[in-house]
Amino acid sequence: MTGKTALITGANGGLGKHVTQAFLDAGATVVGTSRKIDQSEFTHASFHAIPGEISTRAGADALLEQVLARVGRLDVLVHTVGGFSGGCTIADTDDAAFQRMLDLNLNSVFHILRAAIPTLRQAGDGRLIAIGSRAALEPGAGVGAYSASKAAMVSLMRTAALEDKDAGLRVNVILPGTMDTPANRKAIPGADFSKWVRPSAVADLILFLAGDAGRDINGAVIPVYGSDV
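Residues numbered from 1 in each chain as written. Predicted model: local features only at pLDDT ≥ 70, side-chain atom pairs only at ≥ 80, totals over all residues. Heavy atoms only, no water.

## Quick look at the overall build of the chain
Right, so step 1: When helices and strands are tallied, the chain shows 6 helices and 7 strands.
Right, so step 2: When its helices and strands are written in sequence order, the chain yields β-α-β-β-α-β-α-β-α-β-α-α-β.
Right, so step 3: In summary, the chain has a C-alpha radius of gyration of 17 Å against a globular reference of 17 Å for 229 residues, a match within 12%.
Right, so step 4: Each principal axis of the C-alpha atoms in the chain carries an extent, and together these give about 45 × 35 × 35 Å.
Right, so step 5: Averaging the positions of the 21 positive and the 22 negative side-chain charges in the chain gives two centres separated by 2 Å. (Helix = DSSP H or I, 4+ residues; strand = E, 2+ residues; numbered from the N terminus. Rg over C-alpha atoms; globule rule 2.2 N^0.38 Å. Lys, Arg positive; Asp, Glu negative; His and termini not counted. Charge placed at Lys NZ, Arg CZ, Asp CG, Glu CD.)

So this is what it looks like as structure tokens:
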């Protein structure tokens, strides 16, 4: 990844920190963003922290402007931002809960795609990778809003893959099962963590898709379910 610049959303999150470190170790210049992120979170000369808010078009546009002003180019966008909410049937899901899932899992993708795609098209060999969820394809009871938002995100990404293949932009989605993050361990303390997906494994897959080995992969929806299948 030497000579490449990657923008990673949610860079200091449970998955994002593994992705950020993997790209830095591979020689990329990395711009890490989240609502709250500090330069000191990654002690690497090629890391640039830019706090950003991508829940609005204005926020996403402002972030891209800062990225280009800071590093001058963009070759890879990795979108790891998302959120989970469950426990209610569709009939009991209120408007606020449904909208929150749309904002976190669909609208944020839409805004960052709209802001970043023109620059990624200019790269000639750009890569766009987003993290979805197993629930996008396999919805379960009590997670209707979450599953719907993730399914819509997959549709949006696959559309981008079709629209931008003429510019050499490869667009792919990874669908993990439950990932072994501190937040998930806290939320489900009695689970068998050994069956969960390792964030480092997802980070390695993202790096593969972003590199030369991933040139032939476009529009893919890749399940990563760990041993809990």
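So that's the structure; there's more coming.
## Some remarks on the environment of R121
Right, so step 1: Tracing the chain through its elements places R121 in helix α3 (residues 95-123).
Right, so step 2: A residue is classified by how much of its surface remains accessible, and R121, at 29% relative accessible area, is partly exposed.
Right, so step 3: Residues R121 and E138 lie 17 residues apart in sequence; the distance between their C-alpha atoms is 32 Å.
Right, so step 4: Here R121 is in contact with E163, D164, D166 and A167, once residues within four sequence places are set aside.
Right, so step 5: For R121, the side chain forms a polar contact with the side chain of D164, separated by 2.9 Å. (Buried < 20%, exposed > 50% of the residue type's maximum accessible area, 1.4 Å probe, protein only. Contact = heavy atoms within 4.5 Å. Polar contact = N/O pair within 3.5 Å; in protein donor to acceptor, adjacent residues only side chain to side chain.)

No statement about biological role is implied by the geometric values presented.
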